[in-house]
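So you can see what is in the structure, the chains are spelled out below.
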Amino acid sequence: MERKKSAFTPENYTRAIVSLSRRFSGTSVFPGNNYIDIREWMLQDRSLLSSAKLEEDAILFASKSEKPHDLVVIYNSGERKWDVQQFSQEQHEAFSATTSVPAGDSGQIVFIRGFISPSWVSVIGSKYNIDPEFFRRHMDYLSASVERHSYSFPSLASSSNNIFRLCVSTILHRDDFGGQDLQSQRSGQSIELASYKIQQLGSTRVSCGDSVVREHSTVCSSFSVIEQWISLCITKTNGSWAVIAWMDQGRPLEQSPPGPWTSHIESMATPLPILQHHPRMAFRTTNNRLDPDANASAEVQQSTAILPLQYDSLIALVDLARRAPQDPLSMCIPLFAHAAFSEVQFLNLMNTIIQIQINTIVEGVPTDALGTLQYFSNILNRHAQQLKDSTRALCKLAERSSQGLNGAKAESPMPKSAVPPGLGMGTRRQPSETETVRNVGPNSSDGAFTTKGLLEDYGELHVRCINLSKMCTQGITLAMNKATIEESRKAIEQSERLKKLTLLATLFIPLTFSSSLLGMNIDLLGQNAVRFWWFFVLCVPVTLFAYILYLWDFQVLRRCWLRFWKRCRGVRRDMTVGRSDKDPSHIHSIRALPSPHTPPRSGATGGHE
């Protein structure tokens, strides 16, 4: 049973987004301020709300490249083979008219290769009934300022369990770029990347099929890394499912809007391929069922750009051809594996560069290791969060797959993994998402293209990313300790120089004093008849006194003075005792004193009474 075409047209889809963006907090409990940017972007194509076709609308977002580019590639699962359809940037109307949504037990995956126009957004969104949040999240560069979307990024994880994101890293290798230090180069590239998102992606300069870059990092003078996204949306259509995979990888980077990586491409940068491994991949071959020369002319050939052109062969290679038509998780496993393989290559590169930086710090070679390690730590923390999000997406897909295998069509309002283990005395321990995935029966074998294997791989990648970030922190601590020790050494050297300067001042200040004293215009020491040797008679004692005072330890002098003072007091006390022994009157006066133990006489007491 096919869905009626008039149920949700592209025009209605555009009007729904426009209407949502005009809901404000004063009139609606569900305001749509965060859709203002995507509304303005979609209304650049004025033909979306009008049937009249204008000439300027026909060339809006159109690419100037004459080389063919398959913008949308669709794989329809069949009984024995996959039906493949491809559409160029001008064929959005043909896509809307000819493409049918899957029904029954069949499945479908739709690859979007690169940037698309507002017309394609309305056509794809209306045909598959896609939540506009999917397009808004993928085009987050439209909200250049966080105030424009009211700090709605990132949103609650449970608010859209059918929208996922994968990050794919491409390593560019080049010869030594030179000409500028890395710190100033990174700072300039950060500013250039922000300008790229505003002036290129946020305007009509970007065309259909152009590649989009999210992050660009200069690791060292020979390597840089480009980060791009693959956004996934799982939709249900007529009892079946469809996967929308919007990829940032489209046309070659040199044919796309320029950014910070352009200078690297011009310096003959070579992208490293994303290497994947399967135990039986050496004994099988893959065939590109589409244009084999689609990416051959690219100077910077990206492995991810070719992935949609050989996806059916890849599904067959990794033994997922039987389950993929009925299970969206099995259909998406190669995408998760591709992103994981790209991440492990990135982490291997980072591990090597971090070790080089730490060894440089240990050897004491002057370098900007402190700023470099802090730069690496920020990158690794971002990748750790991306790996965590990918792991959650894989768990959600596995949970949905296990529910489908068990015949549970409706999802539980509270997943078992959301219940804390210690909630209530009578509550049984609920399995976590990881345990749910591992209990999937038909797909529980080990391997890089299985649910259990991928979950373990993503967990290990996340732990490794955190460990590398900690290694950067340890390197920063080591660099700061080395810098502190170096500053202490310099302070000691400076104190030694000051000691020498003080010694010279001790020698020359008495000489200056003597010269000044003898040069006074008063009658001093018979100055009119003084001889030259008087200078030495006055200078030598003063110099010796100043040098002795310089060398003398004031603490020792103080202790000697206290010792001398105590000794003098002791001698004085002894002299007083000796004089009292020789004085008879002093002796009689001592004898006349009453003893403290002698009792008073009774007569005196009675008289007193």
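Residues numbered from 1 in each chain as written. Predicted model: local features only at pLDDT ≥ 70, side-chain atom pairs only at ≥ 80, totals over all residues. Heavy atoms only, no water.

A. The overall build of the protein, seen in detail. When helices and strands are counted, the protein shows 18 helices and eight strands. Out of the 609 residues in the protein, the part that is buried amounts to 41%. Accessible surface computed for the protein: about 34,200 Å², of which carbon and sulfur atoms make up 57%. (Helix = DSSP H or I, 4+ residues; strand = E, 2+ residues; numbered from the N terminus. Buried < 20%, exposed > 50% of the residue type's maximum accessible area, 1.4 Å probe, protein only. Areas by Shrake-Rupley, 256 points an atom, 1.4 Å probe, with all protein chains shown as cover.)

B. View of the nonpolar core. Within the largest apolar cluster, 71 residues are counted, with the highest numbers of intra-cluster contacts made by Phe111, Leu232, Tyr311, Phe336, Ile354, Leu380 and Tyr458. It is helix H11 (residues 328-363) that provides the largest number of residues to this core, a total of 18 residues. Ignoring anything within four residues of it in the chain, the contact list for Ile354 reads Leu373, Phe376, Leu380, Leu468, Met471 and Cys472. Phe115, Phe134, Phe135 and Trp261 belong to the second-largest nonpolar core, a separate cluster that totals 47 residues. (Core = buried A, V, L, I, M, F, W, Y, C linked by side-chain atoms within 4.5 Å. Contact = heavy atoms within 4.5 Å.)

C. Spatial organisation of the packing of helix H1 (residues 10-21) against helix H5 (residues 118-128). Taken N-terminus to C-terminus, the directions of H1 and H5 make an angle of 100 degrees; their axes are 8 Å apart at the nearest point. By the angle between their axes, H1 is roughly perpendicular relative to H5. Listed contacts from H5 to Pro10, Tyr13 and Thr14 of H1 are Val121, Ser122, Val123, Gly125 and Ser126. Looking at side-chain class alone, the contact of H1 with H5 contains four nonpolar, four polar and no charged residues. (Axes fitted to C-alpha atoms, helices over the stretch in contact; angles between N-to-C directions. Parallel < 35°, antiparallel > 145°, perpendicular 65-115°, else oblique. Nonpolar A, V, L, I, M, F, W, Y, C, P; charged D, E, K, R; others polar.)

D. Quick peek at the confidence of the model for the protein. Summing up the model confidence of the protein, the mean pLDDT is 79 and the portion of residues at 70 or higher is 77%. Of the regions scoring below 50 in pLDDT, residues 601-609 engages in zero contacts with residues more than four places distant in sequence or in other chains. (pLDDT = per-residue confidence, 0-100.)

E. Just the pairing of strand E5 (residues 215-218), in detail. As defined by bridge partners, E5 adjoins strand E6 (residues 223-237) across four bridges and the pair is classed as antiparallel. Each residue of the ladder has a partner; that of His216, found in E6, is Ile226. (Pairing = 2+ DSSP bridges.)

F. Main features of the packing of aromatic side chains. According to the stated counting rule, one finds 17 aromatic pairs in the structure shown. Taking 6.5 Å as the distance between ring centres and 50 degrees as the angle between the ring planes, the aromatic pair formed by Phe134 and Trp246 counts as tilted. One end of the pair, Phe134, is in helix H6 (residues 132-138); the other, Trp246, is in strand E7 (residues 240-247), with 112 residues separating them in the sequence. For the pair formed by Phe134 and Trp246, the shared burial category is buried. For the pair Trp561 and Phe564, a centre-to-centre distance of 6.0 Å together with 35 degrees between the ring planes defines the contact as tilted. One end of the pair, Trp561, and the other, Phe564, are both in helix H16 (residues 554-582), three residues apart, so they sit about a helical turn from each other. Note on Trp561: relative accessible area 54%, which makes it exposed. (Phe/Tyr/Trp six-rings, centres within 6.5 Å; stacked < 30°, edge-to-face > 60°.)

G. H1, seen in detail. If you check H1, its first and last C-alpha atoms are 17 Å apart, about what 12 residues at 1.5 Å a residue would give, namely 16 Å. Those residues of H1 that are buried are in contact with helix H2 (36-42), H5 and H6. (Expected span 1.5 Å × (residues − 1).)

H. A look at a positive patch on the surface. A contiguous patch of positive charge on the surface is contributed by Arg559, Arg563, Lys566 and Arg567. For Lys566, a relative accessible area of 63% corresponds to the exposed category. (Patch = residues over 30% accessible without salt bridge, like charges linked within 9 Å, V, L, I, M, F, W, Y side chains within 5 Å. Salt bridge = Lys/Arg side-chain N within 4 Å of Asp/Glu carboxyl O. Lys, Arg positive; Asp, Glu negative; His and termini not counted. Charge placed at Lys NZ, Arg CZ, Asp CG, Glu CD.)

I. Representation of helix H7 (residues 182-201) within the structure. Helix length check: H7, at 20 residues, gives a terminal C-alpha distance of 26 Å against a target of 28 Å (1.5 Å per residue), a fit within 8%. In the structure, H7 departs most strongly from a straight axis at Ser195, where the bend amounts to approximately 25 degrees. Considered for burial, the residues of H7 that qualify are Gln185, Arg186, Gln189, Leu193, Tyr196, Gln200 and Leu201. (Bend = angle between axes of the 7 residues up to and from the residue.)

J. The environment of Tyr196, seen in detail. Residue placement: Tyr196 occurs in helix H7. Taking the C-alpha atoms as reference points, Tyr196 and Gly259, 63 residues apart in sequence, are found 5.9 Å from one another. Ignoring sequence-local partners within four residues, the contact set of Tyr196 consists of Leu201, Ser211, Val212, Val213, Pro257, Pro258, Gly259 and Trp261. There is a polar contact of 3.4 Å between the side chain of Tyr196 and the backbone nitrogen of Val213. (Polar contact = N/O pair within 3.5 Å; in protein donor to acceptor, adjacent residues only side chain to side chain.)

K. View of the side chain of Ser207. In this structure, Ser207 sits in the loop between H7 and E5. Judged by its relative accessible area of 10%, Ser207 falls in the buried class. There is a polar contact of 3.3 Å between the side chain of Ser207 and the backbone oxygen of Ala62. When near neighbours in sequence (up to four residues on either side) are disregarded, Ser207 contacts Phe61, Ala62, Ser63 and Phe115.

L. Expanded view of a nonpolar patch on the surface. Taken together, the side chains of Leu498, Leu501, Leu504, Leu507, Phe508, Leu511 and Tyr547 define a hydrophobic patch exposed on the protein surface, amounting to about 630 Å² of accessible area. Tracing the chain through its elements places Leu504 in helix H14 (residues 451-518).

M. Structural view of the environment of Gln345. Summarising the element assignment, Gln345 is placed in helix H11. On the accessibility criterion, Gln345 (18% relative accessible area) is buried. Along the chain, Gln345 and Leu275 lie 70 residues apart, while their C-alpha atoms are 8.3 Å from each other. Those residues in contact with Gln345, other than ones at most four positions away along the chain, are Ile171, Pro273, Ile274 and Leu275.

N. Highlighting the pattern of salt bridges. Here the structure, examined in full by the defined rule, presents 11 salt bridges. Between Glu493 and Arg489 there is a salt bridge whose closest N-O contact spans 2.5 Å. Highlighted residues: Glu493 and Arg489, both in helix H14, separated by four residues, approximately one helical turn. Looking at Arg489, the relative accessible area reads 38%, which means it is partly exposed. Overlapping salt bridges, with partners in common, bring together Glu486, Arg489, Glu493 and Arg497 in one network.

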